[in-house]
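Spelled out from the first residue to the last, the chains are:
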Amino acid sequence: MKYRTIGADPDNRREVSVLALGAMLMGSRTDEETSFALLDRYVEAGGNFIDTSDNYAFWVDGGQGGQSEELLGRWRRSRGIGDEIFIATKLGARPLAPGTSFTDNPEGLSAKVIRESAERSRERLGVDKLDLLYAHIDDPTVPQRETVEGFAELVAEGTVGLLGVSNQAAWRVERARAIAAAAGLPGYELLQYEHTYLRPRTDVPSDMFPDGSLGHAGPDLVTYLRAEPGLTLVAYSPLLKGAYVRPDRLPSDYDHPGTPARLTALHEVARETGATVNQVVLAWQLGGSLPIIPLVGASSVSQLEENLAAIDLELTPDQRSRLDAAH
């Protein structure tokens, strides 16, 4: 395993594995036995960065989520896991009632919700301190200063370590970080956005993003990362839920004229290296100029093994150049 340092504050700075493991469906679609096997193998390989959320996976049973955090809590207790494993969770997108969603009835980012939701997450995970806590989605109904101060209070109390943000416009992220900096408070340092080798259309509206997607790491966010060396991108859905090997699963926002050329380059490099296309995608992220930690999910140990092997795959400058230039 290889590791990367995240966090500026010496009290909360951590060395985390360069490949993070997503626990989104653990405890719901992924049964407990399989989930434990995945977690055990990841830790055995040196992995120590696990990602979850307080709303995972509400859509499976129409509830409010919490199954993933609860499973991780049971796994931690059964294995005697302490603070050597870094667990990130999120709040703000938990449905307030069963049968609803984060698009119509989210918990939001008020100071009250931040405190109460963080406390519930700590209880489910069985930890005294949340290593990393994200604002899962934006909440324009709450002043950003209230949100910033709400997160900062938990850091000051020692119940939260690092802060992160997901699915927000880059200008909103910068405004929140500016508010924190001006007040001498901790701000967002980890940015979790969808990022992969293929480039999506970001102008496609959805229920959550009526003006086009803010959940992808587009040009605004990428240039922001380049300008702010203290930030790290945690890239979710790097393998597009299996679409690189199952083209029928390719999301509609990736179905555009620029995709075939990048797929051609990707398959060429995979043949040259003897690696799988999934491994090339992860190696491209891991070895690039941006500070990226791919966040991978797996439903079997064999899938996880494939992902882990990508850590040692080194692309040549020529291969990387060809991958970057394809469009």
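All of these numbers come straight from a predicted model, not from anything done at the bench.

Analysis parameters
Residues numbered from 1 in each chain as written. Predicted model: local features only at pLDDT ≥ 70, side-chain atom pairs only at ≥ 80, totals over all residues. Heavy atoms only, no water. Buried < 20%, exposed > 50% of the residue type's maximum accessible area, 1.4 Å probe, protein only. Helix = DSSP H or I, 4+ residues; strand = E, 2+ residues; numbered from the N terminus. Pairing = 2+ DSSP bridges. Patch = residues over 30% accessible without salt bridge, like charges linked within 9 Å, V, L, I, M, F, W, Y side chains within 5 Å. Areas by Shrake-Rupley, 256 points an atom, 1.4 Å probe, with all protein chains shown as cover. Salt bridge = Lys/Arg side-chain N within 4 Å of Asp/Glu carboxyl O. Axes fitted to C-alpha atoms, helices over the stretch in contact; angles between N-to-C directions. Contact = heavy atoms within 4.5 Å. Parallel < 35°, antiparallel > 145°, perpendicular 65-115°, else oblique. Nonpolar A, V, L, I, M, F, W, Y, C, P; charged D, E, K, R; others polar.

(A) Representation of the pairing of strand 10 (residues 292-296) within the structure. Summarising burial for strand 10: five of the five residues are buried, a large majority. Burial of the side chains of strand 10 extends over both faces: I292, P294 and V296 are buried on one face and I293 and L295 on the other. Alignment of strand 3 (residues 20-22) against strand 10, held across two bridges, turns out to be parallel. The partner of L21 across the bridge, within strand 10, is V296. Across four bridges, the pairing between strand 9 (residues 232-236) and strand 10 is parallel. Within the sheet, the bridge partner assigned to L233 lies in strand 10 and is I292.

(B) Inspection of a nonpolar patch on the surface at higher detail. A cluster of nonpolar side chains, namely M24, W59 and V60, defines an oily patch on the protein surface of about 220 Å² accessible area. With respect to the helices and strands, the residue V60 is situated in helix 2 (residues 58-61). On the accessibility criterion, V60 (33% relative accessible area) is partly exposed.

(C) Main features of the sheet that holds strand 8 (residues 190-194). Read around the barrel, eight strands follow the order 3-4-5-6-7-8-9-10 and close on themselves; strand pairing throughout is parallel. In this sheet, neighbouring strand axes are inclined to one another by 30° on average, regardless of whether the strands run parallel or antiparallel. In this sheet, strand 7 (residues 160-166) lies alongside strand 6 (residues 130-135) in parallel orientation, the contact comprising five bridges. Its bridge partner lying in strand 7, L132 is registered against L162. Packing against the sheet, helix 7 (residues 219-227) makes contact with strand 8 and strand 9, and its axis sits at approximately 150° to strand 8.

(D) A look at the packing of helix 3 (residues 67-79) against helix 4 (residues 111-125). Remark: helix 3 packs on helix 4, axes separated minimally by 7 Å, with the N-to-C direction vectors making an angle of 40°. It follows that helix 3 is oblique to helix 4 by the angle criterion. Within the contact between the two elements, helix 3 uses E69, E70, L72, G73 and R76 and helix 4 uses S121, R124 and L125. Looking at the contact of helix 3 with helix 4 residue by residue, the class counts come to two nonpolar, two polar and four charged.

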